[in-house]
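# Fold and geometry: a report
What follows is each chain in one-letter form.
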Amino acid sequence: MSMTSSRPYFLRAIYEWILDNNCTPHILVDAHVQGTQVPQQHVNKDGQIILNISPSAIKDFFMDNTAVSFNARFSGVVNNLYVPCGAILGIYARENGQGMMFEPEQNPQPPEPAPTTPPPSPRPEPISPSGSAPKRPGLRVVK
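Just so you know, these numbers come straight off a predicted model, no measurement behind them.

## Digging into the overall build of the chain
Helices and strands together make up the secondary structure of the chain, namely one helix and seven strands. For the chain, the residues scored as buried account for 31% of the 143 residues in total. Within the chain, counting contacts between residues at least 6 apart in sequence, those at least 24 apart form 53% of the total. Accessible area of the chain: about 10800 Å², with a carbon and sulfur share of 54%.

In C-alpha cells, the structure reads:
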C-alpha cells in the first residue's frame, strides 16, 4: 500500500511548535525543484534559499499537503512565493537551530491537476417518450 508523504505533516507540526516556543521559523528550500517560485537572485550557489516564515515577516501564509505559499518582501519588493513540500529540506528555529531536516525527495511528484470536467452523474435522468422532462416523484397517503 502506497502512503502519502509525511513531510507536510511534520512541517505543520514543527512550524506550530516553533511558534509556540516564541521562536522564528525558517525553512531551507531547494529552489531547483520543479514548481518552486522564489526570488532567484537570492538563491545561493548550491540552489538553496532560507526563508523566514514567521507571521510578522510574511502575509497570506497558506500551508497544505502539497505546498507552502505566502507573500514576502525582498529588497523592498513584494514577491509571491510558492514552495512545494518536496522542495523543503528543513524547518528550524532561527534562535537555537532546533527543528527538523529532510532528505531530498527522489523525483518529487507535482500535484495531480484537478479534473476539468465534472464526473458523470451516477444515474442519468430518464426522458419520457414524448421528449418532455419526467414528472417529479410524489408521495400519497394510502389507506
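After that view, the rundown keeps rolling.
## A short note on the side chain of Ser54
Tracing the chain through its elements places Ser54 in the loop between strand 2 (48–52) and strand 3 (58–63). Apart from the residues within four sequence positions on either side, Ser54 is in contact with Thr24 and Pro25.

## As for the pairing of strand 2
Looking along a regular strand, one sees the side chains alternate between the two faces of the sheet. Residues Ile49 and Leu51 line the buried face of strand 2, whereas the alternating positions Gln48, Ile50 and Asn52 sit on a face that is not buried. As judged from the five bridges shared by strand 1 (residues 25–30) and strand 2, these two strands associate in the antiparallel manner. Within strand 2, the residue paired with Asp30 across the bridge is Gln48.

## What about the sheet that holds strand 5 (residues 77–84)?
Taken in spatial order, the three strands line up as 3-4-5 in an open sheet, and their pairing is antiparallel. Only two strands of the sheet have a single partner each, and these edge strands are strand 3 and strand 5. Direction aside, neighbouring strands of the sheet carry axes that sit 15° apart on average. Strand direction decides the pairing type here: strand 3 and strand 4 (residues 67–74), joined by four bridges, are antiparallel. From the neighbouring strand, Phe62 faces strand 4, where its bridge partner is Ser69.

## Notes on helix 1 (residues 7–20)
Its 14 residues place the ends of helix 1 20 Å apart at the C-alpha level, agreeing with the 20 Å of an ideal helix rising 1.5 Å per residue. Burial in helix 1 covers these residues: Arg7, Pro8, Leu11, Ile14, Tyr15 and Ile18. Buried residues of helix 1, viewed axially, fall in a sector of 130°; they line one side. At its buried positions, helix 1 is contacted by strand 1, strand 3, strand 6 (88–93) and strand 7 (99–101). One or two steps after helix 1, the chain reaches Asn22, where phi turns positive at roughly 55°.

## Some remarks on unusual backbone geometry
Despite not being glycine, Asp60 has its phi angle at roughly 55°, a positive value. Among the structural elements, Asp60 can be located in strand 3. Taking relative accessible area as the criterion, Asp60 reaches 61% and is therefore assigned exposed. At Ser75, a residue that is not glycine, the phi angle is positive and equals roughly 55°. Position of Ser75 relative to the elements: it lies in the loop between strand 4 and strand 5.

Thresholds, definitions, all that
- Residues numbered from 1 in each chain as written.
- Predicted model: local features only at pLDDT ≥ 70, side-chain atom pairs only at ≥ 80, totals over all residues.
- Heavy atoms only, no water.
- Helix = DSSP H or I, 4+ residues; strand = E, 2+ residues; numbered from the N terminus.
- Buried < 20%, exposed > 50% of the residue type's maximum accessible area, 1.4 Å probe, protein only.
- Contact = heavy atoms within 4.5 Å.
- Areas by Shrake-Rupley, 256 points an atom, 1.4 Å probe, with all protein chains shown as cover.
- Pairing = 2+ DSSP bridges.
- Axes fitted to C-alpha atoms, helices over the stretch in contact; angles between N-to-C directions.
- Expected span 1.5 Å × (residues − 1).
- Arc of directions from axis to C-beta.

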